[in-house]
Amino acid sequence: MNTAVIAFGSNLENPIAQVQNALAAVAALPQIGSLKTSSLYRTTPIGYADQPDFINAVALVETSYSAMELLQQLQQIEQQFGRQRSFRNAPRTLDLDIIDYTQTISNAPELQLPHPRAHERGFVMLPLAEIAPDYPIAHFGTAQQLATKLGSAGIEKIA
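Residues numbered from 1 in each chain as written. Predicted model: local features only at pLDDT ≥ 70, side-chain atom pairs only at ≥ 80, totals over all residues. Heavy atoms only, no water.

Per an unreviewed UniProt entry, the protein goes by 2-amino-4-hydroxy-6-hydroxymethyldihydropteridine pyrophosphokinase and derives from Kingella oralis ATCC 51147. Turning to the protein, the UniProt record has this under Sequence similarities (unreviewed entry): "Belongs to the HPPK family." Per UniProt, the protein carries the Function (unreviewed entry) text "Catalyzes the transfer of pyrophosphate from adenosine triphosphate (ATP) to 6-hydroxymethyl-7,8-dihydropterin, an enzymatic step in folate biosynthesis pathway." (UniProt positions renumbered as here; feature names shortened; annotations may be inferred.)

What follows is the structure, encoded as structure tokens:
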């Protein structure tokens, strides 16, 4: 089994339900052995600011999917949830990103690992630090180190 970190985000059409339902959809995939999930976090948008706040979470999964197979499964879930890719940082019903896959380094156009901006995103590192504080993100540091460095401005843990 391989370990993958998946980030979940939504800011359209009841984003709390979107993220909760997406967590359930990933857990139901046939080659997902276990799923450990963070709390939900409300996050102010980055990049394109004229949109609703996001609901974010992170899951640590054990899987027998290859990284590319996992990406394909996640993209299918995004499509089932009505994901539209209109422009970078646009509002969305669901965004699923592979943040890390068994510490694999990949620069393939379709899947860069670790995720090229995850170490700069508090909305990824705070939830990851909650469930796996010692999880390493390439040469950038552990989830806890990165979460501490990035801080929690614009990020609120919700019940």
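A.B. asks: Help me out: how do you make sense of the overall build of the protein in this one?
C.D. replies: Looking only at helices and strands, the protein features 4 helices and 10 strands. Across the protein, helices and strands are ordered from the amino to the carboxyl terminus as β-α-β-β-β-α-β-β-β-α-β-β-α-β. Counting only C-alpha atoms, the protein reaches 40 × 35 × 30 Å along its principal axes. Residue burial in the protein is summarised as follows: out of 159 residues, 49% are buried. Counting contacts in the protein only where the partners sit at least 6 residues apart, residues at least 24 apart contribute 66% of the total. When the 10 positive and 14 negative side-chain charges of the protein are each reduced to one mean point, those points stand 4 Å apart. (Helix = DSSP H or I, 4+ residues; strand = E, 2+ residues; numbered from the N terminus. Buried < 20%, exposed > 50% of the residue type's maximum accessible area, 1.4 Å probe, protein only. Contact = heavy atoms within 4.5 Å. Lys, Arg positive; Asp, Glu negative; His and termini not counted. Charge placed at Lys NZ, Arg CZ, Asp CG, Glu CD.)

A.B. asks: Any chance you could explain the side chain of Asp95 here in plain terms?
C.D. replies: Note on placement: Asp95 falls in strand S5 (residues 95-101). Since its relative accessible area comes to 14%, Asp95 is described here as buried. Engagement of the side chain of Asp95 in a polar contact is seen with the side chain of Arg92, the distance being 3.4 Å. Excluding residues within four positions of it along the chain, Asp95 makes contact with Ala7, Phe8, Gly9, Glu78 and Arg83. (Polar contact = N/O pair within 3.5 Å; in protein donor to acceptor, adjacent residues only side chain to side chain.)

A.B. asks: Mind showing me how you'd approach the environment of Ala4 here?
C.D. replies: Note that Ala4 resides in strand S1 (residues 2-10). It is 15 Å that separates the C-alpha atoms of Ala4 and His119, two residues lying 115 residues apart in sequence. Residues within four places of Ala4 in sequence aside, it is in contact with Ala59, Leu60, Val61, Leu70, Asp100 and Tyr101.

A.B. asks: Help me understand the pairing of strand S3 (residues 40-43), please; the structure alone is not making it clear to me.
C.D. replies: Each regular strand carries side chains that alternate between the two faces of the sheet. Bridging between S3 and strand S10 (residues 155-158) involves 4 bridges; their strand directions are antiparallel. Counted as the bridge partner of Tyr41 is Lys157 from S10. Here S3 pairs with strand S4 (residues 54-63) via 3 bridges, running antiparallel. Bridge pairing in S4 links Thr43 to Phe54. (Pairing = 2+ DSSP bridges.)

A.B. asks: Can you help me understand the pattern of salt bridges in this one?
C.D. replies: Close approach of charged atoms lets side chains of opposite charge pair. Scanning the entire structure with this criterion turns up 1 salt bridge. Note that Arg92 and Asp95 form a salt bridge whose closest N and O atoms lie 3.4 Å from each other. This pair shows no difference in class: Arg92 is buried, exactly as Asp95 is. (Salt bridge = Lys/Arg side-chain N within 4 Å of Asp/Glu carboxyl O.)

A.B. asks: So what exactly am I meant to see when it comes to unusual backbone geometry here?
C.D. replies: Excluding glycine, most residues fall at negative phi; most peptide bonds, likewise, are trans. Residue Pro114 is bonded to the preceding Leu113 through a cis peptide linkage, with omega at -10°. Positionally, Pro114 belongs in the loop between strand S7 (111-113) and helix H3 (122-131). Phi at Gln103 is positive, roughly 55°, even though this residue is not glycine. Even without a glycine there, the phi angle at Ala138 is positive, about 45°.

A.B. asks: Mind showing me how you'd approach the side chain of His119 here?
C.D. replies: Looking at the element boundaries, His119 is found in the loop between S7 and H3. Relative accessible area serves as the criterion here: at 16%, His119 is assigned to the buried category. Setting aside anything within four residues of it in sequence, one finds His119 in contact with Met125, Ile137, Phe140, Leu146 and Leu150.

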